[in-house]
Each structure stands twice: as C-alpha cells, then as structure tokens.
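# A structural walkthrough
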Amino acid sequence: MNNTKICKKTNQMYSIGEVAKLCNVSRKTLRFYEQLGLLRPDHVSVENGYRYYTEATMNSIPVIKYYKQMGFKLQEMKGVQQSGDYFYQENIFLTKLEELKLEERRIRNSYTAVSDWLGLIREGTLASENRMQSVNVKYFEQENYVFLEQEFCHNYMDAVINIPWVNYLEEQNCAITGPVILRFEDCEAGDFQCSKMMIMQKPIGIPNSKMPKRMIGGQMFLSSYHIGDLTKIAQQYKKMQAWAKKNNYQCKNEVYQRYVIDYWSTMNVDNFVVELLIPAEKIRT
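Below: a short report on this structure. (Residues numbered from 1 in each chain as written. Predicted model: local features only at pLDDT ≥ 70, side-chain atom pairs only at ≥ 80, totals over all residues. Heavy atoms only, no water.)

## Concerning the overall build of the protein
Quick note on the threshold: Secondary structure elements are defined from DSSP: runs of H or I of at least 4 residues count as helices, runs of E of at least 2 residues count as strands, and each element is numbered from the N terminus. A radius of gyration in this sense is built from C-alpha atoms; the matching globule rule multiplies 2.2 Å by the number of residues raised to 0.38. Categorising residues by exposure relies on relative accessible area from a 1.4 Å probe, with only protein chains included: less than 20% of the type maximum marks a residue as buried, more than 50% marks it as exposed, and the intermediate range marks it as partly exposed. What sets the accessible areas is the Shrake-Rupley method with a 1.4 Å probe; for residues, cover comes only from the shown protein chains. Under the counting rule used here, the positive set is Lys and Arg, the negative set is Asp and Glu, and His together with the chain ends is not counted. For this purpose, a charge sits on NZ of Lys, CZ of Arg, CG of Asp or CD of Glu.
For the protein, the helix and strand inventory stands at 9 helices and 12 strands. For the protein, whose C-alpha radius of gyration is 31 Å, the value lies well above the compact-globule estimate of 19 Å for 285 residues. Seen along its three principal axes, the alpha-carbon backbone of the protein occupies a region of about 100 × 40 × 35 Å. Taken across its 285 residues, the protein has 39% of its residues classed as buried. As presented, the protein carries roughly 17,400 Å² of accessible surface, and 51% of it is formed by carbon and sulfur atoms. Of the charged side chains in the protein, 36 are positive and 32 negative; the average position of the first set lies 6 Å away from that of the second.

What follows is the structure in structure tokens.
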C-alpha cells in the first residue's frame, strides 16, 4: 500500500509547491502558465505573494498536458480556464488536424530525403573504396523527375550547386530527394562541350501539378562511375562509348550524370563520385 502523504490544503487550497509536486510540474512551469494567462492562481497572498490553487484549477493541469501532447501549443490554449469548453469546439480540432497533417508530410519528406542522402553516401563510399569504374548494363524502373533546361557554362560547381534551380523549386513549393542529375545531348565527341543541359531531381510529397516532369527509366542503360575531378569526366564517357562499340551496344545520343557524392557533400574533388548513364540497346547480329 502506498503511504505517501498527500500535501495538505491551506484554506481548502493548494500551495504552488504542493501543486508542483502533485501534478509533476515545476514551479517555473506554473508561473509560465500564469504568465500566459493559461492557469491563474485562485489566491495570491498580499503579505508574501504566495500562490494558492483550488482543486478545480489544479485539475486543469492534466488537461493542459494532454492537449500539449496532441500538438497544441501553450499559446493556443489561452482562455481555456475562463471559457471552460474551449476544447469542446469542433473547429479547433479540425484546424489542428490540418496543421498536423502538414507537419506529418514535412517530417515524412525530410525522412525520405535524409534516408536517400545516406544511401548516396554509402553508395559513393563503396564505389570509391573499390574503384568501381568498370562498365555495366543496368535496367532502371521508370520514375518521374522535375527538371529545368539551362545553359551549360562548363562550370560543374555552378551546375550542381544550382541557385536558379533551388530558387525554382522553392517558388513551386516542390520538395526533392536524391541526387542531382544533369542530362546532356549531342555528346558524341565525348568532350561535354554542350551548351545546353537539363537539371533534374526526384520530387517527393505532392509536387506542383503544373511543373513539367520527365520520365527516366523503363529501359537499359550503360552504367559506370567516374571517381574524382569532374574536369576529367569525359575520359570515363569515352571509355563507355568504346565498351559499347566493342560489345555491340547502340547508344542514344544522350547521357545522364547522376551525382552521388559532389559539392553538396564535400569540396574535396578527389572524393567525388558520379554515375554516368547512357541509354543503350544490344545490337542483334
């Protein structure tokens, strides 16, 4: 049997210390509640300023705790002590539900983005440590990407840390995840002297339906990692073209640069990892 002594009342009221102990809150918290107009003492001693609370007032504290648990901010609870039925109003809960749905969506998007970023770090580290620069054939499932066509000024930092692209995504209220992908056409010479490019990323959540999107995948790609300085990336591209010719693959006149580890993660160019992807088909002989 619990023989803990219950704090005794002072003139049928509880002192602030008693309330703090019984309700498992600090005196500082009770004073903060009072400052917000959320829970006012029923009596303040003129002689010493001591605060006292009735049992009915004290019983408001578990209610405050519960609604705080549901996501209500303390500032949103102002007036509950006076009105008595503040949380009985349906529109209060409907508004809070909508707010929590938005927060849930934001957290879900953040979780996806962080998880994908971790995957890129692991992929890039594995490729770098094992010098995975051989050419392979991969099939990619179709996925939608948002994109923006731009001039390519042969500055990879500006292309990857792409301020106009970030501004565009913000203006469209579009959350993205995964790597930056740059798409180039007409690179048959293998020197990436193209004047145009397309920057692409995968949207998450509910993207703006008016944003143009481009499908990537649903076909075979030649795949190879470039590791290190981006100014030498054309060498890996030429290696892939030579491999395709030797192994009877017909390449399309486009290439995707999928940035696994880049300026977003490190400024050490030796640690950069970019996957080159070229749509290709086996030539039947």
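## Quick look at the layout of surface pockets
Stated precisely, the cut-off is as follows: In the cavity and pocket records, a cavity denotes points on a 1 Å grid over the protein atoms alone where a 1.4 Å probe fits but cannot get out, a pocket denotes an open set with protein on both sides within 12 Å along at least 5 of 7 lines, and lining residues are residues with an atom within 4 Å of a point. Grid points are joined across faces, edges and corners, and a volume is the space filled by probe spheres set on the points. Only Asp, Glu, Lys and Arg are considered charged in this grouping, and only Ala, Val, Leu, Ile, Met, Phe, Trp, Tyr, Cys and Pro are considered nonpolar; every other residue, Gly among them, is considered polar.
Roughly 370 Å³ of internal volume is contained in the largest pocket. For the largest pocket, the lining is made up of 20 residues, of which E143, Y145, P179, I181 and R258 are closest to its centre. If one sorts the elements of the lining of the largest pocket by residue count, strand β6 (residues 175-185) sits on top with 4 residues. In terms of residue class, the lining of the largest pocket is built from 10 nonpolar, 2 polar and 8 charged. Taken as a whole, the second largest pocket spans an internal volume of roughly 290 Å³. Residue lining of the second largest pocket: 19 residues in total, with W117, I176, G178, Q201 and W264 positioned closest to the centre. Of all elements in the fold, only α6 (90-129), α8 (163-171), β6 and β11 (254-261) reach the threshold of two or more residues within the lining of the second largest pocket.

## A look at the nonpolar core
This is how it is decided: Here the nonpolar core consists of buried residues drawn from Ala, Val, Leu, Ile, Met, Phe, Trp, Tyr and Cys, with membership extended through side-chain atoms lying within 4.5 Å.
Grouped together as the largest cluster of nonpolar side chains are 32 residues, with contacts concentrated most on Y156, L182, F184, L222, L230 and Y259. Elements represented by at least two residues in this core include exactly α7 (156-160), α8, β6, β7 (196-204), α9 (233-246), β11 and β12 (273-282). In terms of nonpolar packing, the next biggest core, distinct from the first, is built from 20 residues, I16, C23, I61 and I64 among them.

## Details of the environment of G178
To keep things clear, this is the line we draw: Note on contacts: a residue pair is in contact if any heavy atoms of the two residues lie within 4.5 Å.
In this fold, G178 is placed in strand β6. Overall, the relative accessible area of 14% leaves G178 in the buried class. Taking the C-alpha atoms as reference, G178 lies 6.6 Å from A113; in sequence the two are 65 residues apart. Those residues in contact with G178 that lie beyond four places of it in its chain are D116, L120 and Q201.

## Comments concerning α6
We count it as follows: A helix is expected to span 1.5 Å for every residue after the first.
Taking 1.5 Å per residue as the helical rise, α6 with its 40 residues ought to reach 58 Å, and the 58 Å between its terminal C-alpha atoms agrees with that figure. Taken together, the buried positions of α6 are occupied by I92, K96, N109, L120, E123, G124, A127 and S128. Just downstream of α6, R131 is the residue with a positive phi angle, here 50°.

## Observations regarding unusual backbone geometry
Positive phi is not limited to glycine here, since N24 has a value of about 60°. Tracing the chain through its elements places N24 in the loop between α1 (16-23) and α2 (27-35). What makes N24 exposed here is its relative accessible area of 68%. Residues other than glycine seldom take positive phi values, yet R131 does so here, at roughly 50°.

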